[in-house]
There are 2 protein chains.
Amino acid sequence: MANKSSTESEGTKAEAQKAKAPGEENVIYVGSKPPMSYVMACLVQLNGGAPSVTLKARGRAISGAVDVAEMLRNRFMKDALKVKSINISTEQLEAEGGRMKNVSAIEIVLEKK
Amino acid sequence: MANKSSTESEGTKAEAQKAKAPGEENVIYVGSKPPMSYVMACLVQLNGGAPSVTLKARGRAISGAVDVAEMLRNRFMKDALKVKSINISTEQLEAEGGRMKNVSAIEIVLEKK
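Remember, it's a predicted structure, so these values are computed and weren't measured experimentally.

Visitor: Help me out: how do you make sense of the relation of the copies chain A and chain B in this one?
Guide: Relating the two copies of this chain is a rotation about some axis coupled with a shift parallel to it. Taken as rigid bodies, chain A and chain B are interconverted by a rotation of 180° and an axial shift of 0.0 Å, the fit giving an RMSD of 0.1 Å. Here the symmetry operator amounts to a two-fold rotation axis. Among all C-alpha atoms of chain A, that of A:S63 lies closest to the rotation axis, at 2.8 Å. When the interface residues of chain A are mapped onto chain B, 100% of them again lie at the interface, so the same face is used by both copies.

Put into structure tokens, the structure is as follows:
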């Protein structure tokens, strides 16, 4: 996957990514937008030189995150992307009235082959 | 109206429609019922001696499958069940009018510790 972007802008890009928390650079949070928005966000990361991208989603958006991963893997980056790991977990959110509510979450790490 | 896709190396369609194979006994298909129905079905399998249980779901039901797995792991069989593997895939379904439609699927294998 040769990337045609000019090398002179590479330094600025790297610096921009360093500003984020370590290990959290390539995280895309999947919500209720159409899946293609997140597919595009992932493609920007991956074509910008990132070796992997992490999709995170909670609750109903979990199916959307799986859709995004499958679209990337089977259509947009066919034969160039693999699922590195998938983790599920439970997060506690504060619901209305201050009560705590459990919500399931998923984390899908996609890596360039 | 038979829509014949190329026969070569297209296992996806066959997989989507294959009947239950041997060794597939402990599969719980998660659909649109309340999560507790599937939690109960899993508990019946696990307490009946099954060493593991596989949750399968497609499309919107994927988040439900994650909910069921998390409820089992954190509440009903706390410290006695672990996630063995999680796989995501794409299945082809025949939509109305005979057109093929891609739908994401998840398979979560839970195993007794």
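Visitor: I keep staring at the pairing of strand β3 (residues 81-94) of chain A and nothing clicks. Help me out?
Guide: A regular strand carries its side chains on alternate faces of the sheet. Residues and elements named next belong to chain A. With 13 bridges connecting them, β3 and strand β4 (residues 100-112) associate as antiparallel partners. Residue pairing for β4: I88 is matched across the bridge by I106. Linkage of β3 to β4, two consecutive antiparallel strands, is achieved through a turn of five residues, within which G97 is found at a positive phi near 90°.

Visitor: Just checking my understanding: could you explain the confidence of the model for chain A for this structure?
Guide: Low pLDDT marks stretches whose predicted atomic positions should not be read closely. Taken as a whole, chain A shows an average pLDDT of 84; of its residues, 79% reach a score of 70 or greater. Model confidence for the complex: the whole-complex pTM is 0.78, and ipTM, which rates the interface, is 0.77.

Visitor: Would you mind going over the interface of chain A and chain B with me for this structure?
Guide: Quoted interface sizes are often the accessible area lost when the parts come together. If you look at the interface, chain A gives 19 residues, while chain B gives 19 residues. Summed over both partners, the interface of chain A with chain B comes to about 1,300 Å²; 62% of that surface belongs to carbon and sulfur atoms. Counting every contact that joins chain A to chain B gives zero salt bridges. At the junction of chain A and chain B, the tally comes to nine residue pairs in polar contact (both at pLDDT 80 or more). The set of elements that each furnish at least two residues to the side of chain A that touches chain B consists of α3 (62-76), β3 and β4 of chain A. For the side of chain A that touches chain B, the element with the highest residue contribution is α3(A), accounting for eight residues.

Visitor: Help me understand the pattern of salt bridges in this model?
Guide: Pairing is possible between side chains of opposite charge, provided their charged atoms come close. Residue and element names in this part refer to chain A. Tallying each qualifying case throughout the model produces eight salt bridges over all chains. A salt bridge links E111 to K82; its shortest N-O distance comes to 3.9 Å. With a gap of 29 residues between them, E111 in strand β4 and K82 in strand β3 connect regions that are remote in the sequence. On the basis of relative accessibility, which here comes to 22%, the residue E111 falls in the partly exposed class. K82 sits in the partly exposed class, given a relative accessible area of 37%.

Visitor: Got a minute to help me understand the sheet that holds strand β1 (residues 27-29) of chain B in this structure?
Guide: Residue and element names in this part refer to chain B. If you walk across this open sheet you meet the four strands as β1-β2-β4-β3, and the pairing is mixed. Of all strands in the sheet, those with a lone pairing partner are β1 and β3 (81-94), marking the two edges. Between one strand and the next, the sheet's axes are offset by a mean angle of 20°, whatever the strand orientation. Note that β1 and strand β2 (residues 52-58) share three bridges and pair parallel.

Reading the values: the criteria
Residues numbered from 1 in each chain as written. Chains lettered and ligands numbered in written order. Predicted model: local features only at pLDDT ≥ 70, side-chain atom pairs only at ≥ 80, totals over all residues. Heavy atoms only, no water. Least-squares fit on C-alpha atoms with pLDDT ≥ 70 in both. Contact = heavy atoms within 4.5 Å. Pairing = 2+ DSSP bridges. Helix = DSSP H or I, 4+ residues; strand = E, 2+ residues; numbered from the N terminus. pLDDT = per-residue confidence, 0-100. Buried area = accessible area lost by both parts, 1.4 Å probe. Salt bridge = Lys/Arg side-chain N within 4 Å of Asp/Glu carboxyl O. Polar contact = N/O pair within 3.5 Å; in protein donor to acceptor, adjacent residues only side chain to side chain. Buried < 20%, exposed > 50% of the residue type's maximum accessible area, 1.4 Å probe, protein only. Axes fitted to C-alpha atoms, helices over the stretch in contact; angles between N-to-C directions.

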